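# Close look at the chain arrangement
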Amino acid sequence: MDEKIKDAEIQIKINREVKAAFYRKCKGLAINPSAWLRKKIYEFLNHKTEMWIRE
């Protein structure tokens, strides 16, 4: 992954109830929601699976 995506904008559509629950859980665990999502995206992109190997 040569390109840096740090400043890339990503939009995710979820319903209000899920969004509210996510923010409540992050607040309860003292987690920054944006940082947590960014970390999970990086982990996903760095994870080598068969779907990335296909050509």
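Because the structure is a prediction, the values reported are computed rather than measured.

### A closer look at the packing of helix α1 (residues 16–28) against helix α2 (residues 33–46)
Helix-helix packing is characterised by the crossing angle of the two axes and by the distance between the axes. Contact pair α1 / α2: the axes reach a minimum separation of 10 Å and the direction vectors enclose 100 degrees. Considered as vectors, α1 and α2 are oriented roughly perpendicular to each other. Residues Phe22, Tyr23 and Cys26 of α1 form the contact with α2, whose own contacting residues are Pro33, Trp36 and Leu37. Residue composition of the contact of α1 with α2, grouped by class: six nonpolar, no polar and no charged.

### Considerations on unusual backbone geometry
Even without being a glycine, Ala30 presents a positive backbone phi close to 55 degrees. If you trace the backbone, Ala30 turns up in the loop between α1 and α2. Classification of Ala30 by relative accessible area gives exposed; the value is 71%.

### What to know about α1
With 13 residues, α1 extends 18 Å between its outermost C-alpha atoms, agreeing within 8% with the 18 Å of an ideal straight helix rising 1.5 Å per residue. Two or three places before Glu17, at the opening of α1, Asn15 has a side-chain oxygen 3.2 Å from that residue's backbone nitrogen. Of the residues flanking the end of α1, it is Ala30, one or two places downstream, whose phi is positive at about 55 degrees.

### A closer look at α2
Here α2 contains 14 residues, and its C-alpha end-to-end distance of 20 Å stays within 8% of the 20 Å for a straight helix at 1.5 Å per residue. Near the N-terminus of α2, the side chain that reaches the backbone nitrogen of Ser34, with its oxygen 2.9 Å away, is that of Asn32.

### Thoughts on the confidence of the model for the protein chain
Looking at the protein chain, pLDDT values average 81 and 75% of them are 70 or higher. Mean pLDDT across the secondary structure elements of the protein chain bottoms out at helix α3 (residues 50–53), with 55, and peaks at α1, with 96.

Thresholds applied
Residues numbered from 1 in each chain as written. Predicted model: local features only at pLDDT ≥ 70, side-chain atom pairs only at ≥ 80, totals over all residues. Heavy atoms only, no water. Axes fitted to C-alpha atoms, helices over the stretch in contact; angles between N-to-C directions. Helix = DSSP H or I, 4+ residues; strand = E, 2+ residues; numbered from the N terminus. Parallel < 35°, antiparallel > 145°, perpendicular 65-115°, else oblique. Contact = heavy atoms within 4.5 Å. Nonpolar A, V, L, I, M, F, W, Y, C, P; charged D, E, K, R; others polar. Buried < 20%, exposed > 50% of the residue type's maximum accessible area, 1.4 Å probe, protein only. Expected span 1.5 Å × (residues − 1). Polar contact = N/O pair within 3.5 Å; in protein donor to acceptor, adjacent residues only side chain to side chain. pLDDT = per-residue confidence, 0-100.

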